[in-house]
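# Commentary on secondary and tertiary structure
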Amino acid sequence: MQYLDTFLRALHDSNLANNVRENDLLFPWIESFHILTVSWVMGSIAYVDLRILGLFGLDEDVESFNKNVLPVTWVAFFLTCITGTILFTSNALNYYNNIYFQVKMIMLILIGINMMLYQFIFKKKNNPLEDHPFEIAHIKSTKVFCLVSLICWFIVVVMGRLIGFTLELTLS
Amino acid sequence: MFVQVLCLIFNDLFMNNAQLLNFCTWLEDTDLSQAIQVNDWIVPLVQIIHIFAVCAVGTSLLLVGLKIFDRFMVKKSLSHTIVRFQAVITPALAILLLTGSVLIIGEPSRSLANWVFQLKMILLLIATTIFFWIKKISIVQNGKYSSTPLPITFNHKLLAALLLINLVLIIFAGRWIAYT
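Along each chain, the written sequence defines residue order, and numbers are assigned to residues from 1. Each chain takes a letter, starting from A, and each ligand takes a number, starting from 1, following the order in which they are written. In keeping with the model being predicted, local features are shown solely for residues with a pLDDT of at least 70 and side-chain atom pairs are shown and tallied solely at 80 or more, while totals for entire chains, interfaces and linings include all residues.

Bringing the overall build of chain A into the picture now. When you go through chain A residue by residue, the secondary structure sums to eight helices and zero strands. Each helix (α) and strand (β) of chain A, taken in turn from the N terminus, gives the series α-α-α-α-α-α-α-α. The buried share of chain A, taken over its 172 residues, is 30%. For the purpose of contact definition, each residue receives a C-beta atom placed from its backbone, and two residues are in contact when these atoms lie within 7 Å. If you take every contact in chain A between residues at least 6 apart in sequence, the share linking residues at least 24 apart comes to 80%. Runs of H or I in DSSP of at least four residues are treated as helices and runs of E of at least two as strands, each being numbered from the N terminus. To sort residues by exposure, count the other C-beta atoms lying within 10 Å of each residue's C-beta; 20 or more gives buried, 12 or fewer gives exposed, and values between give partly exposed, all with C-beta atoms placed from the backbone.

Given below as structure tokens:
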């Protein structure tokens, strides 16, 4: 715990964090970019999950729909991580101690586990796409994976907004 | 410096309007506005709904833009893609209008009298016009329900580029309202 505290303090005192905190324009710009990319992550993930659940784009087979949308998700997610890390660095200690931030991070971990379980264990065993390229939501487990993903992303966005209302800003 | 000059120009153009400020003061004193101001949970809740609608519209417009640049659903026609995403965009825009109105009523001076908000509204009008313009020319080109893709013209790509730039600016402006 002490190492974590030291690490967070080092982050807080880093040049990057100081620059973001001291520059009036830098934080809003990065935050705006973060919101833009988060909206693309959330939206594209929702489309992928809704397609698998059979609630959107039914005339396109699941695999090709996902192949079209997922690159958008990954690029947006990569950019979200970069901007999110910079925002976190600017106020590391306060973010770390914020309950909404903690819940957001737990949700992101859950999303990662859910995705890995689906891709590397469930999909390999069942591969529902081969037999039913247009309709795979009849497999209950697939539905569960998608619902977990949707709910977790929903919470991530809600927590993200609530952080803004509860974070105590530390000026350097 | 450039940003400051831009701010001053917009202030002169829009913000220093006595009638608008009077309207904000009147709106702020209404029962509805007072109710929104007094209940701490209303603004965060409405903002969260607003953000989800932004996610829906933002992603849909991005995917339509990518379709025009041949990076998404290359085997489908443009009109087919637009009709599909419009089913999400239209209700999401209605939600944005509704939640946005609640936020404006709750804090009229922060929004209506803010030049970034005014710029956002202008950009929103431009983006909506461009979207429906793209839809119109794509439907004229290959019918509403034809799924056979036709070559995308330079005009389509130009409009798509403008639409995507607008989208980014609208989301940025949405955030910057809080800082100006």
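The subject of this paragraph is the environment of Ile86 of chain A. All names here are of chain A. Mapped onto the elements, Ile86 comes out in helix α4 (residues 62-90). A tally of 19 C-beta atoms within 10 Å means that Ile86 is categorised as partly exposed. Sequence separation of Ile86 and Leu16 is 70 residues, and the distance between their C-alpha atoms is 7.7 Å. Contacts of Ile86, omitting those with residues within four sequence positions, involve Leu16, Val20 and Ile30.

Right, let's talk about the interface of chain A and chain B for a bit. At the junction of the two partners, chain A supplies 19 residues and chain B supplies 20 residues. For the side of chain A that touches chain B, the elements supplying multiple residues, two or more each, are α3 (26-52), α4 and α8 (140-166) of chain A. Counting residues per element, the side of chain A that touches chain B draws most heavily on α3 of chain A, at eleven residues. Split by residue class, the side of chain A that touches chain B holds eleven nonpolar, six polar and two charged. Side-chain classes follow a simple rule in which Ala, Val, Leu, Ile, Met, Phe, Trp, Tyr, Cys and Pro form the nonpolar group, Asp, Glu, Lys and Arg form the charged group, and the remainder, Gly included, forms the polar group.

Among the structural elements, Phe77 of chain A can be located in helix α4. In sequence terms Phe77 of chain A and Ser39 of chain A are 38 residues apart; their C-alpha atoms lie 9.9 Å from each other.

Residue and element names in this part refer to chain B. Even without being glycine, Asp70 reaches a positive phi, approximately 60 degrees. Looking at Asp70, the number of C-beta atoms within 10 Å reads 12, which means it is exposed. For Met73, which is not glycine, the phi torsion reads 50 degrees and is therefore positive. With respect to the element layout, Met73 can be found in the loop between α4 (42-68) and α5 (78-106).

Take the number of residues in a helix, subtract one, and multiply by 1.5 Å to get its expected span. The terminal C-alpha atoms of α4 of chain B, which comprises 27 residues, lie 39 Å apart, in line with the 39 Å expected from a rise of 1.5 Å per residue. Phi turns positive one or two residues past the end of α4 of chain B, at Asp70 of chain B, with a value near 60 degrees.

With that settled, consider the confidence of the model for chain B. Do not read the fine detail of predicted coordinates wherever pLDDT is low. You can read pLDDT as the predictor saying how much it trusts each residue, on a scale of 0 to 100. When pLDDT is averaged along chain B, the result is 88, and 87% of the positions lie at 70 or above. Both scores are given for the predicted complex: the pTM is 0.88, the ipTM 0.88.

Okay, the confidence of the model for chain A next. Of all residues in chain A, 90% have pLDDT values of 70 or greater, and the mean over the chain is 88. Within chain A, helix α7 (residues 128-131) of chain A has the poorest average pLDDT of any element, 61, and α3 of chain A the best, 95.

A separate point is the nonpolar core. A set of buried Ala, Val, Leu, Ile, Met, Phe, Trp, Tyr and Cys residues, joined to one another through C-beta atoms within 7 Å, is what we call a nonpolar core. Counting residues in hydrophobic clusters, the biggest one holds 58 residues, and the most contacted among them are Met42 of chain A together with Val57, Ala127 and Leu163 of chain B. Counting only elements with at least two residues in this core, the list comes to α3, α4 and α8 of chain A together with α4, α5, α7 (115-142) and α8 (154-176) of chain B. Not counting residues within four places of it along the chain, the set of residues in contact with Ala127 of chain B comprises Leu163, Asn166, Leu167 and Ile170 of chain B. Among the nonpolar cores identified, the runner-up in size contains five residues, and Ala17, Val20, Ala92 and Phe101 of chain A belong to it.

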